[in-house]
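One letter stands for each residue in the lines below.
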Amino acid sequence: MFSLKDIPTSPSALFAAYASFSASMMLIRSMVNDIVPYELRVYLSLALRSLFNPLSSDLTLLVDEYCSMTRNQVFDAAEVYLRTKISPSTDRLRVSQTPKQKSLTFSIDKGQEVTDTFQNIRIKWRFVCTEPDKNTHSREKRFFNITFKKKFKDVVMESYLPYVLVRAKAIKQEDKVLKLYNRDCPSLSKYCDDDYEGTWGSVNLEHPATFDTLAMEPELKKEIMEDLDRFVRRRDFYKKVGKAWKRGYLLYGPPGTGKSSLIAAMANYLKFDIYDLELTSIYSNSDLRRVLLSTTNRSILVIEDIDCSIEMQNRQDNDHFDASYSGLTLSGILNFIDGLWSSCGDERVIVFTTNHKDRLDPALLRPGRMDMHINMSYCTSNGFKILASNYLGVHGNQHHLCGEIESIVDSMEVTPAEIAEELMKNDDADVALTGLVNFLKRKKIEIDENKKAEESAKSGVEGEATEPQNQIAKRQKIDDNNVKRIERIVRNFRRPIVRGRRRSFQRFGFMRQKYLSY
Ligand SMILES: Nc1ncnc2c1ncn2[C@@H]1O[C@H](COP(=O)(O)OP(=O)(O)OP(=O)(O)O)[C@@H](O)[C@H]1O
Ligand SMILES: [Mg+2]
């Protein structure tokens, strides 16, 4: 009978017992190997293993970094997507920021796990890196393991993984640093050969305007945002109806009503780059074609002051004008708008701006050409509320002067730019709003006086030669704007491109004659 007394207690007795046990086991093992065939042994060992370790209910997918030589898009998407799933329990994170990134990026380190939930399914991601092997010269291998219950295989493969791809694209889009492309970019002046003409220079678009900060009627703002949303959603629709996936907006209104600000807000909203095209730097239709073809998808092409950039009053006159002057025709521009572009790009927005819609050729205004005509009008009480909240943090009718200002603003023509300028003069809401009231009152008196002078001039009481004050102010404003344009042309003229120089010189003379009153 085996009793506790039989158990050896001294170290030497223990070692002797262990040695005799090992020797017996080795003997049994070699006997079994000799007697039992190999296949039967494998079968028995699998049966024993499954007895103690039942079949796993989990499934693991491997997402390698590379598929043969090319990068695996699922891996790239996972890297981006998992950044948003890092939990406080993660032990180690990688942190980075490239010059092009707006903020720090955190990602999981090798060996770390992240758990995600999708339609109530728990999905575990594990980032694995294998060490490079000097003997086999194999590189470090990086991959993700995705583990989940086998019964959810279909949901994960058919819904979850596509969802990860879509989310990753959206996250990348949100992080995108927008660019403003311009053909007058000084950094390009060193490229003084013909290639320059098709090239765009760029800077980061750091315009802070958003739809929230724009002083506009809320309904119009909503309408524009919905139009943009519909446009980006409708990829398949445009394909189905065989239309180029592009949308045209014509923004018109007096200077300082927010046309350029709206363009920046659209770019920030859609996360589209802006190509600011100065038509005065284009010399022919083929030039225009080349420049437009070098723009990228998901971008907004902006042509500001379209009425001043090209003579468009009459298409026939225009053709004469072009032949003798620039070779750029209205029909050249319209051809692009009408679909020439469709062959080379997707998700394009085109914006034309003008201070004088009435000066544009009806061909440009025809329905279907510019999809939406947006009137950027003088400031209204609603617009003022937004500006007061943005500039001074005064909301609603918080301040006693707000009511008075709103009624004055609704009764006169004052631009959001003028109001913004007054509001910026002081941080103190009392001082700034009092300054604004005085400014509005002064302006109103001025407008009334000008009106009176105009009426008297019409009726001949004051003498025909007197030019009304507001006409003089308007002319002055137009002159100021045109000086800016001429300065740009002069800049073109300075470019050491012989052809460009000659034409810019001609254009300078033309513009001076056409737009300045001296
Ligand atoms: N609707 C607006 N909402 C908010 N700010 C505005 C608005 N309109 C003008 N501003 C302010 O006035 C400045 C000038 O406006 P902006 O350049 O957008 O006017 P514009 O209509 O493009 O003028 P122009 O016809 O001379 O090009 C902006 O930087 C902005 O600060
Ligand atoms: Mg503008």
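Above this text you will find the structure in question.
Note that the coordinates shown come from a computational prediction; the quantities given were computed from them, not determined experimentally.

Draft legend 1. Layout of a nonpolar patch on the surface. Where nonpolar side chains cluster on the molecular surface, the patch consists of Phe21, Met25, Ile28 and Val32 and spans about 360 Å² of accessible area. Here Ile28 shows up in helix α1 (residues 11-35). Taking relative accessible area as the criterion, Ile28 reaches 45% and is therefore assigned partly exposed.

Draft legend 2. Structural detail: the site of ligand 1. Around ligand 1 sit 15 residues, and of these Ala215, Gly256, Lys259, Ser260 and Ser261 come closest. Ser260 has a polar side-chain atom sitting 2.8 Å from an oxygen atom of ligand 1. Between ligand 1 and Ser261 there is a distance of 2.6 Å, counted from an oxygen atom to a side-chain nitrogen or oxygen. Isolated, ligand 1 exposes 620 Å² of accessible area, and the fraction of that covered by the protein chains is 76%. Of all the elements in the fold, those that place two or more residues in the shell around ligand 1 are α7 (259-270), α13 (381-392) and α15 (416-423). In terms of residue count, α7 provides more of the shell around ligand 1 than any other element does, three residues in total. The residue inventory of the shell around ligand 1, partitioned by class, reads seven nonpolar, seven polar and one charged.

Draft legend 3. Structural detail: unusual backbone geometry. The phi torsion at Asn120 lies on the positive side, around 65°, for a residue other than glycine. Counting through the fold element by element, Asn120 comes out in the loop between β6 (113-118) and β7 (121-130). At Arg298, a residue that is not glycine, the phi angle is positive and equals roughly 50°. Within the fold, Arg298 resides in the loop between α8 (285-293) and β13 (299-303).

Draft legend 4. Summary view of the sheet that holds strand β8 (residues 141-149). Taken in spatial order, the four strands line up as β1-β8-β7-β6 in an open sheet, and their pairing is antiparallel. Single-partner strands in this sheet number two, and they are β1 (58-64) and β6. Each strand of the sheet is rotated relative to its neighbour by a mean of 25°, with strand direction disregarded. In this structure, β1 lies alongside β8, joined through seven bridges in antiparallel fashion. From the neighbouring strand, Leu59 faces β8, where its bridge partner is Phe148. Against the sheet, helix α3 (residues 73-82) engages β1, β6, β7 and β8, with an angle of about 70° to β8.

Calculation rules
Along each chain, residue indices are assigned from 1 in the same order as the chain's sequence is written. For naming, the first written chain is A and the first written ligand is 1, with later ones following in the order written. Per-residue local features of the predicted model are confined to residues with pLDDT of at least 70, and side-chain atom pairs are confined, for both listing and counting, to 80 or more; whole-chain, interface and lining totals are unaffected and use all residues. The basis for the side-chain values is all heavy atoms of the structure; hydrogens and waters are excluded. Residues enter patches when their relative accessible area tops 30% and they take part in no salt bridge; the joining distance is 9 Å for like charges and 5 Å for the nonpolar side chains Val, Leu, Ile, Met, Phe, Trp and Tyr. Computed with the Shrake-Rupley method and a 1.4 Å probe, the accessible areas treat only the protein chains shown as cover for residues. Take a side-chain nitrogen of Lys or Arg and a carboxyl oxygen of Asp or Glu: if they are within 4 Å of each other, that pair is a salt bridge. Numbering goes from the N terminus for both helices and strands, where a helix is a DSSP run of H or I of at least four residues and a strand is a run of E of at least two. To sort residues, take the accessible area from a 1.4 Å probe on protein chains only and compare it with the maximum for the residue type: under 20% means buried, over 50% means exposed, and anything in between is partly exposed. Residues are classed as near a molecule or strand on a simple rule: at least one heavy atom within 4 Å of it. For this analysis, a polar contact is any N or O atom pair within 3.5 Å, provided that within protein one partner can donate a hydrogen and the other can accept it, and provided that sequence-adjacent residues contribute only side-chain to side-chain pairs. Residue classes follow a fixed rule: Ala, Val, Leu, Ile, Met, Phe, Trp, Tyr, Cys and Pro count as nonpolar, while Asp, Glu, Lys and Arg count as charged, and any other residue, Gly among them, counts as polar. At least two DSSP bridges between two strands are required for those strands to pair. In this analysis, axes come from line fits to C-alpha atoms, helices being fitted only over the stretch in contact, and the angle between any two N-to-C directions falls in the range 0 to 180 degrees. Residues count as neighbours in contact if any of their non-hydrogen atoms are within 4.5 Å of one another.

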